[in-house]
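Next come the chains, spelled out residue by residue.
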Amino acid sequence: MKNHRSWTASKYRVEKDHKDIGVIIPLDDEELKFLMTKALRRYFNALRSNEKHIKNVENYLYGTMQNLFGVWWNKQAAREYVAKHPEEEKSADNDNSGLYY
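Residues numbered from 1 in each chain as written. Predicted model: local features only at pLDDT ≥ 70, side-chain atom pairs only at ≥ 80, totals over all residues. Heavy atoms only, no water.

Ile-25, Leu-32, Met-36, Met-65, Leu-68 and Phe-69 are the most contacted members of the largest nonpolar core, which has 13 residues in total. At the level of secondary structure, the elements contributing two or more residues to this core comprise helix H2 (30-49) and helix H3 (57-84). Among the elements that make up this core, the one with the highest residue count is H3 (6 residues). (Core = buried A, V, L, I, M, F, W, Y, C linked by side-chain atoms within 4.5 Å. Buried < 20%, exposed > 50% of the residue type's maximum accessible area, 1.4 Å probe, protein only. Helix = DSSP H or I, 4+ residues; strand = E, 2+ residues; numbered from the N terminus.)

Moving on: the packing of aromatic side chains. Taken as a whole, this structure holds 2 aromatic pairs when the rule is applied. A ring pair is formed by Tyr-43 and Tyr-60, whose centres lie 5.9 Å apart and whose planes are at 20 degrees; its orientation type is stacked. A residue pair is termed long-range when its members are at least 10 positions apart, and Tyr-43 in helix H2 and Tyr-60 in helix H3 qualify at 17 residues. We classify Tyr-43 as buried; its relative accessible area is 2%. An aromatic cluster of three or more residues is present, and its members are Tyr-43, Phe-44 and Tyr-60. (Phe/Tyr/Trp six-rings, centres within 6.5 Å; stacked < 30°, edge-to-face > 60°.)

To continue, consider the confidence of the model for the protein chain. The pLDDT averaged across the protein chain works out to 79; a share of 80% of its residues lies at or above 70. Within the protein chain, no element has a lower average pLDDT than helix H4 (residues 86-95), which sits at 61, and none a higher one than H2, at 92. (pLDDT = per-residue confidence, 0-100.)

Where H2 contacts H3, the axes come no closer than 10 Å and their chain directions differ by 150 degrees. In terms of orientation, H2 and H3 fall into the roughly antiparallel class. Handedness of the crossing formed by H2 with H3: right-handed. Of the residues in H3, those in contact with Glu-31, Leu-32, Leu-35, Met-36, Ala-39, Leu-40, Tyr-43, Ala-46 and Leu-47 of H2 are Val-57, Tyr-60, Leu-61, Thr-64, Met-65, Leu-68, Phe-69, Trp-72, Gln-76 and Arg-79. (Axes fitted to C-alpha atoms, helices over the stretch in contact; angles between N-to-C directions. Parallel < 35°, antiparallel > 145°, perpendicular 65-115°, else oblique. Left-handed = near helix turned anticlockwise from the far one by under 90°. Contact = heavy atoms within 4.5 Å.)

Now the structure itself:
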């Protein structure tokens, strides 16, 4: 149960830190579910291997999930931006300046 609180707290934190731009993270998103599963596998593998010498597993999970939610949100925002501004994507392809994602 602690693990569930840790990743929901990290989701809430990302949303709270970016509420001014309307960040909402829907946990029922299929791409996000896949990425969460992948992140949790890496998390448990890191614990099992003890390669990183993790001292606080709950904090490590919190950071892992907070990073995942932040990266996922940024990808969604970039896709949305490109969809709304296709002319900027073309100029970036032509002159090596502008959008990179």
